[in-house]
Amino acid sequence: MPEPHITVNGRPRALGATPAHTNVLDFLRGLGLTGAKEGCAEGECGACAVMVARPEMPGDGDGSRWTPVNACLVPAAALDGQEVVTAEGLGRPDALHPVQAELAQRGGSQCGYCTPGFVCSMAAEYYRPGREDFDLHAIGGNLCRCTGYRPIRDAAAALGAAPADDPFATRCASAAPASVPTRIDGFARPADLAEALALLAEHPEATVVAGSTDWGVEVNLRGRRASHVVAVDRLPELRQLSVGDAIEIGAALTLSEVEAGLGGSVPLLEQVWPLFASRLIRNGATIGGNLGTASPIGDLAPALLALEATLVLASAGGDREVALADYFTGYRETVRRPGELIRSVRIPTPLASHTTFRKISKRRLDDISSVAVGAALDVVDGTVVRARIGLGGVAATPIRALATEAALEGRVWSRATVEEAATVMATEGTPIDDQRASAAYRSAMLGNALRAWWEEAR
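Basis of the calculations
Residues numbered from 1 in each chain as written. Predicted model: local features only at pLDDT ≥ 70, side-chain atom pairs only at ≥ 80, totals over all residues. Heavy atoms only, no water. Helix = DSSP H or I, 4+ residues; strand = E, 2+ residues; numbered from the N terminus. Rg over C-alpha atoms; globule rule 2.2 N^0.38 Å. Buried < 20%, exposed > 50% of the residue type's maximum accessible area, 1.4 Å probe, protein only. Contact = heavy atoms within 4.5 Å. Areas by Shrake-Rupley, 256 points an atom, 1.4 Å probe, with all protein chains shown as cover. Lys, Arg positive; Asp, Glu negative; His and termini not counted. Charge placed at Lys NZ, Arg CZ, Asp CG, Glu CD. Axes fitted to C-alpha atoms, helices over the stretch in contact; angles between N-to-C directions. Parallel < 35°, antiparallel > 145°, perpendicular 65-115°, else oblique. Left-handed = near helix turned anticlockwise from the far one by under 90°. Nonpolar A, V, L, I, M, F, W, Y, C, P; charged D, E, K, R; others polar. Polar contact = N/O pair within 3.5 Å; in protein donor to acceptor, adjacent residues only side chain to side chain. 1 Å grid on protein atoms, 1.4 Å probe; cavity = no way out; pocket = protein on both sides within 12 Å on 5 of 7 lines; lining within 4 Å. Points joined across faces, edges and corners; volume = space filled by probe spheres on them. Salt bridge = Lys/Arg side-chain N within 4 Å of Asp/Glu carboxyl O. Phe/Tyr/Trp six-rings, centres within 6.5 Å; stacked < 30°, edge-to-face > 60°.

Section: the overall build of the protein chain
Tallying secondary structure elements over the protein chain gives 17 helices and 20 strands in all. Here the protein chain has a C-alpha radius of gyration of 23 Å; the compact-globule value for 458 residues is 23 Å, and the two agree. Among the 458 residues that make up the protein chain, the fraction classed as buried is 54%. Sequence-distant contacts in the protein chain: of pairs separated by 6 or more residues, those separated by 24 or more amount to 64%. Only carbon and sulfur atoms are counted for the fraction: they give 51% of the accessible area of the protein chain, which is about 19000 Å². When the 43 basic and 54 acidic side-chain charges of the protein chain are each reduced to a single mean position, those positions are 4 Å apart.

Here is the structure:
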């Protein structure tokens, strides 16, 4: 097995005795690459953004793409054998990268703290295959505390196409580095699912990580440490996506990969993606990880409950399928047994004809939900024949709004029906008062979510 290392700005850098809890940001800064900064240590500001060479999105070919990620969250060991580019690697003071040059010329850097992160997120978008215009959502996870967004937007709009001989553009024609098995004290990247399950059977207390967008926060802000970390983000058995009698989504696919792979074929999830954190987070967060944390305010669970999703749980003893509605048992508790992994998420087809996703939060984008509502109705000849509604933020677990579903089914899809059902929905769950919202506000928002959907749909 080769010595663990990360190729940083074209140069292999040994991981050596790097502790399992050391993140990529601290590893880079230990190398003297101090461009990337720690701003929030929880993936919200993007000051730590770097580019990683990742495989092309599903269906786009065998090349690679530069993917920006939050270096403060990813364990350094998780990038063993991978390629990383930092702001220092993109250009030099005497030979600026086009992104750096535009930011400098248009006044897009003020205090400069956030600039390297912006540079990496913008450069990844600059090299995005098939790009015509710059998608500003690509920098939605980068925060500028000097409020210098207008010149940053101007710099983004001024970027043309990358020259054909640009080394970072030509790199995309080649495959991304293959995932390599890794063993560092306290950290393991198994070669396949069977090895992963054997490791978990041997160490049932192990922490399983994929994008580490949740565990990384625990490590950074709460000082959490794990005796064993098992990385499953590159396991091929967990990275499949298929559409047939059911839509099956591998648990280790990132949300950005799921979005690209589904290509808009699940309209309810298409409403979720722009509201789920930022592109930087979605480039790392996985669908299995989001459900594995069992957070009562996770955005995906309400939508998947409305879609009647099931989970395939794998263990050394075999697979079993569990309805998502039966998966959550208490606050951050599930039916998943020690040694089990989420292999995939299954969504039955055909999909419901009427769907919506509503997220109520303090900020319009890139924020944690106060309340989330996913709903799917089948309406035949003006009558609701089937209703499935998932709720987040109003109980210790994501829940189905069973009483509201019963109030809708068999009724004419009308304003009167919606008003009666909205009154019922306001009584669902056991909302609490906390820093994000009061219990009364949460209840009111439940009913209003249904009313707002009617107003938009009619």
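Let us keep going from here.
Details of the packing of helix α16 (residues 415-425) against helix α17 (residues 439-457)
At a minimum axis separation of 7 Å, α16 and α17 run at an interaxial angle of 160°. It follows from the interaxial angle that α16 and α17 lie roughly antiparallel. The crossing of α16 and α17 is right-handed. Across the interface between the two elements, R415, V418, E419, A421, A422, T423 and M425 of α16 pack against L446, G447, L450, R451, W454 and E455 of α17.

Brief notes about the packing of helix α3 (residues 98-105) against helix α4 (residues 115-126)
As a packed pair, α3 and α4 sit with axes 9 Å apart at the nearest point and diverge in direction by 125°. In terms of orientation, α3 and α4 fall into the oblique class. Between α3 and α4 the crossing geometry is right-handed. The residues of α4 that touch α3, namely those facing P98, V99, Q100 and L103, are T115, V119, M122, A123 and Y126. For the contact of α3 with α4, a count of residues per class yields 7 nonpolar, 2 polar and no charged.

Remarks on the side chain of T310
Structurally, T310 can be placed in strand β12 (residues 310-315). Among the polar contacts made by the side chain of T310, one reaches the side chain of E321 at a distance of 2.6 Å. Excluding anything up to four places from it in sequence, T310 contacts E321, V322, A323, L324, S344, V345 and R346.

What about the layout of surface pockets?
Roughly 600 Å³ of volume is contained in the second largest pocket. Every residue lining the second largest pocket is counted, 24 residues in all, and those nearest its centre are L136, I139, G140, G141 and L365. Listing elements by their share of the lining of the second largest pocket, those giving two or more residues are α5 (149-158) and α11 (279-282). In terms of residue count, α5 provides more of the lining of the second largest pocket than any other element does, 3 residues in total. Class assignment of the residues belonging to the lining of the second largest pocket gives a composition of 10 nonpolar, 5 polar and 9 charged.

Some remarks on the pattern of salt bridges
Enumeration according to the criterion identifies 28 salt bridges in this entry. The partner of E56 in a salt bridge is R65, and the shortest N-O contact between them spans 3.3 Å. Its relative accessible area of 13% is what places E56 among the buried residues. Classification of R65 as buried rests on a relative accessible area of 13%. Among the ionic pairs, E409 bridges to R388, the shortest N-O distance being 3.0 Å. With E409 in the loop between α15 (402-408) and α16 and R388 in strand β19 (residues 383-392), this pair connects stretches of sequence that are 21 residues apart. The exposure class assigned to E409 is partly exposed, which follows from its relative accessible area of 32%. A single salt-bridge network, built from bridges that share partners, covers E308, R386, R388 and E409.

Considerations on the environment of E259
In this structure, E259 sits in helix α9 (residues 255-262). The spatial distance from the C-alpha of E259 to the C-alpha of L269 is 8.1 Å, given a sequence separation of 10 residues. When near neighbours in sequence (up to four residues on either side) are disregarded, E259 contacts G264, E270, W273, R279 and R282.

Brief notes about the environment of I152
Examined against the element boundaries, I152 turns out to sit in helix α5. What I152 contacts, discounting residues up to four positions off in sequence, is L103, G108, F118, M122, I139 and C144.

Focus on the packing of aromatic side chains
Overall, the coordinates contain 6 aromatic pairs when judged by the stated rule. Arranged with centres 6.1 Å apart and planes meeting at 70°, the rings of W66 and F168 form a pair that is edge-to-face. One end of the pair, W66, is in strand β4 (residues 64-70); the other, F168, is in helix α6 (residues 167-171), with 102 residues separating them in the sequence. The pair formed by W66 and F168 is uniform in burial state, with each residue classed as buried. An aromatic cluster of three or more residues is present, and its members are W66, Y126, Y127 and F168.

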